[in-house]
Amino acid sequence: MKNQEVKHQRRVRYSGTHPKNYKEKYKELQPEKYADTISKVISKGSTPAGMHISICVKEILEFLQIQPGQVGLDATLGYGGHTLEMLKCLEGQGHIYGLDVDPIESSKTKVRLAEKGYGEDILTVKLENFANIDKVSEEVGKFNFVLADLGVSSMQIDNPDRGFSYKVDGPLDLRMNPQKGVSAAERLAEMDAEEIQGMLIENSDEPYADEITQTIVEWRRRGKAISTTTDLKHVVEEALSFLPVAERKEAVKKSCQRTFQALRIDVNHEFEVLYAFLEKLPDVLAPGGRAAILTFHSGEDRMVKKSFKQLYKEGVYQEISTDVIRPSAEECSRNSRARSTKMRWAIRA
């Protein structure tokens, strides 16, 4: 049957050093097939396009102390890197439930983990928002361990079709589930100036919130659409054009990051979702159950810290992390996206 085997197609050769557009790039399609390229990219401290490098794996596993036979929840499945390491700890006994609202990436992850030997006998993937952990627990029981990684997956950031990054042109979408809700472009078109400014301040502590808001309103007044990632980047550039040239480039970069973050949080109701998750978390944990949460900006971390401290005072948690846990300097040099990560943990009474 050899003559019927599907031949592996050679990747497209590009004229120049880089592919002209995202859809030509081979790594995003099946990054696992290009191990040499992937290892080179990782060795330079970057995340290969189409992949996600899990953060704080060692610290998470040391805290969760997963034992064979336990039942756990990965509330934010993503690429499945954390899930894979937790599955290994079970040694074939027990079960993990993985939740994700992204229908595109969760289906890929389910296949990827199944190919590594983790099928439905030990792993159940649910297309579910982690605000609904109570529904999952009602169905399957309480959990011995829970992990929530609140960062956006690199696969989402690297795919211009999703609109998560100002660095590449694409539709200004930013939805975790592009099949539900309204896009970031639609939100910007419907919000008034006060809402936009409040969003930028509350969701990302944007120092130039007033200038960016005024520029958005002015674009709309002139009938200029803000429908792509590049449009929004140009808005920020215009808003900060008053800054001295020497400091403008770095300021634009940081304000773009914060503006996209603020919009993403708004579009996906991330603070409301996190609040619901934190409120329901104790009720889904078995006695002595352990929960670890990774956050990536101050707003999230404040919410987690406040919830854990309050519930510890009330005796709901028997122990919580007193200090924030950060990735090692070595990990941050290997993976630049780890630098803003903070981990906190709690143990159910």
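Please read these numbers as outputs of a predicted model, since none were measured by experiment. (Residues numbered from 1 in each chain as written. Predicted model: local features only at pLDDT ≥ 70, side-chain atom pairs only at ≥ 80, totals over all residues. Heavy atoms only, no water.)

Undergrad: Mind showing me how you'd approach the overall build of the chain here?
TA: Each helix and strand counted, the chain has 14 helices and 7 strands in total. Sequence-distant contacts in the chain: of pairs separated by 6 or more residues, those separated by 24 or more amount to 70%. Summed over all atoms, the accessible surface of the chain reaches about 17,900 Å², with 49% contributed by carbon and sulfur. (Helix = DSSP H or I, 4+ residues; strand = E, 2+ residues; numbered from the N terminus. Contact = heavy atoms within 4.5 Å. Areas by Shrake-Rupley, 256 points an atom, 1.4 Å probe, with all protein chains shown as cover.)

Undergrad: I would appreciate a short explanation of the pairing of strand β1 (residues 71-74) in the present structure.
TA: Strand residues, when the strand is regular, have side chains that alternate between the two faces of the sheet. Pairing geometry for β1 and strand β2 (residues 95-100), over 4 bridges, is parallel. Pairing of Val 71 across the sheet is with His 95, part of β2. Where β1 lies against strand β4 (residues 143-149), 3 bridges are found, and the strand directions are parallel. Note on β4: the bridge partner recorded for Leu 73 is Val 146. (Pairing = 2+ DSSP bridges.)

Undergrad: Teacher, can you tell me more about the packing of aromatic side chains here?
TA: Where two aromatic rings form a pair, the distance of their centres and the angle of their planes describe that pair. Enumeration according to the criterion identifies 6 aromatic pairs in this entry. Ring centres of Tyr 97 and Phe 143 lie 6.1 Å apart, and the angle between their planes is 65°; on these two criteria the pair is classed as edge-to-face. You can see Tyr 97 sitting in strand β2 and its partner Phe 143 sitting in strand β4, a full 46 residues away along the chain. Note on accessibility: Tyr 97 and Phe 143 belong to one class, buried. Ring plane angle 70° and centroid distance 6.0 Å describe the contact between Tyr 208 and Phe 242, whose orientation is recorded as edge-to-face. Placement of Tyr 208 in the loop between α8 (193-204) and α9 (209-221) and of Phe 242 in the loop between α10 (229-239) and α11 (245-267) is noted, with a sequence separation of 34 residues between them. For the cation-ring pair, Arg 112 lies above Tyr 79, with the distance from its terminal atom to the ring centre recorded as 3.7 Å. (Phe/Tyr/Trp six-rings, centres within 6.5 Å; stacked < 30°, edge-to-face > 60°. Buried < 20%, exposed > 50% of the residue type's maximum accessible area, 1.4 Å probe, protein only. Lys NZ or Arg CZ within 6 Å of the ring centre and 35° of its normal.)

Undergrad: Explain the packing of α8 against α11 to me, please; I cannot follow it from the model alone.
TA: For any two helices packed against each other, the geometry is given by the interaxial angle and the distance between the axes. Where α8 contacts α11, the axes come no closer than 8 Å and their chain directions differ by 95°. Viewed along their axes, α8 and α11 adopt a mutual orientation that is roughly perpendicular. For the pair α8 and α11, the contacting residues are Met 199, Leu 200, Asn 203 and Ser 204 in the first and Arg 258, Thr 259, Gln 261, Ala 262, Leu 263, Ile 265 and Asp 266 in the second. For the contact of α8 with α11, the per-class residue count stands at 5 nonpolar, 4 polar and 2 charged. (Axes fitted to C-alpha atoms, helices over the stretch in contact; angles between N-to-C directions. Parallel < 35°, antiparallel > 145°, perpendicular 65-115°, else oblique. Nonpolar A, V, L, I, M, F, W, Y, C, P; charged D, E, K, R; others polar.)

Undergrad: I'm lost on the layout of surface pockets in this one. Help?
TA: Where empty space is left can be seen by rolling a probe of water-molecule size over the atoms. The space that makes up the second largest pocket amounts to roughly 940 Å³. Lining the second largest pocket are 44 residues; nearest its centre among them are Val 101, Asn 129, Met 176, Asn 268 and Val 273. When residues of the lining of the second largest pocket are traced back to their parent elements, those giving at least two are α3 (81-90), β2, α11 and α12 (270-284). It is α12 that contributes the most residues to the lining of the second largest pocket, 5 residues altogether. A per-class count over the lining of the second largest pocket returns 16 nonpolar, 17 polar and 11 charged. (1 Å grid on protein atoms, 1.4 Å probe; cavity = no way out; pocket = protein on both sides within 12 Å on 5 of 7 lines; lining within 4 Å. Points joined across faces, edges and corners; volume = space filled by probe spheres on them.)

Undergrad: Looking at this structure, I do not really get the confidence of the model for the chain. What am I missing?
TA: Taken as a whole, the chain shows an average pLDDT of 85; of its residues, 83% reach a score of 70 or greater. Ranking the elements of the chain by mean pLDDT puts helix α1 (residues 35-43) last, at 48, and strand β6 (residues 317-320) first, at 98. Residue range residues 1-29 is modelled with pLDDT below 50. Its contacts to residues more than four positions away, or to other chains, number 24 contacts. In this model, residues 41-50 is a region of pLDDT below 50 whose contacts with residues beyond four sequence positions or in other chains number 31 contacts. (pLDDT = per-residue confidence, 0-100.)

Undergrad: Could you clarify how one ought to interpret the sheet that holds β1 in this entry?
TA: Strand-to-strand pairing in sheets goes through backbone hydrogen bonds, with the strands running parallel or antiparallel. Here we have 7 strands laid out as an open sheet, ordered β3-β2-β1-β4-β5-β7-β6, and mixed in their pairing. What marks the edges here is a single partner per strand, and that holds for β3 (123-127) and β6. Each neighbouring strand pair of the sheet contributes to a mean axis angle of 15°, computed without reference to strand direction.

Undergrad: Sorry if this is basic, but what is going on with the environment of Pro 103 here?
TA: When you line up the elements, Pro 103 lands in helix α4 (residues 103-115). Here the alpha-carbon distance between Pro 103 and Met 176, two residues 73 residues apart in the chain, equals 8.8 Å. The residues contacting Pro 103, other than those within four sequence positions of it, are Leu 127, Asn 177, Pro 178 and Gln 179.

Undergrad: Would you explain the pairing of β2 in this entry?
TA: Of all the 6 residues making up β2, 6 are buried; the element is thus mostly covered by neighbouring parts of the structure. Burial along β2 is two-sided: the residues His 95, Tyr 97 and Leu 99 and Ile 96, Gly 98 and Asp 100 are all buried. One crossover worth recording links β1 to the parallel β2 by way of α3, and it is right-handed. Bridge analysis of β2 against β3 gives 5 bridges, and the strand direction is parallel. Paired with Gly 98 across the two strands is Val 125, which belongs to β3. Handedness of the crossover joining β2 and β3 through α4: right-handed. (Right-handed = clockwise from strand over helix to strand, strands pointing away.)

Undergrad: Hey, could you run me through the environment of Lys 167 in this one?
TA: Its location among the elements puts Lys 167 in the loop between α6 (154-158) and α7 (184-190). As for Lys 167 and Lys 253, which are separated by 86 residues in sequence, their C-alpha atoms are 9.4 Å apart.

Undergrad: Whenever I open this one, unusual backbone geometry confuses me. Can you help?
TA: Of all residues except glycine, most have a negative phi; of all peptide bonds, most are trans. The phi dihedral of Gln 65 falls on the positive side, at around 50°, and the residue is not glycine. As for its position among the elements, Gln 65 is in the loop between α2 (57-64) and β1. By relative accessible area, which is 43% here, Gln 65 ends up partly exposed. One non-glycine residue, His 269, adopts positive backbone phi at about 50°. Relative to the helices and strands, His 269 resides in the loop between α11 and α12. For His 269, a relative accessible area of 46% puts it in the partly exposed group.

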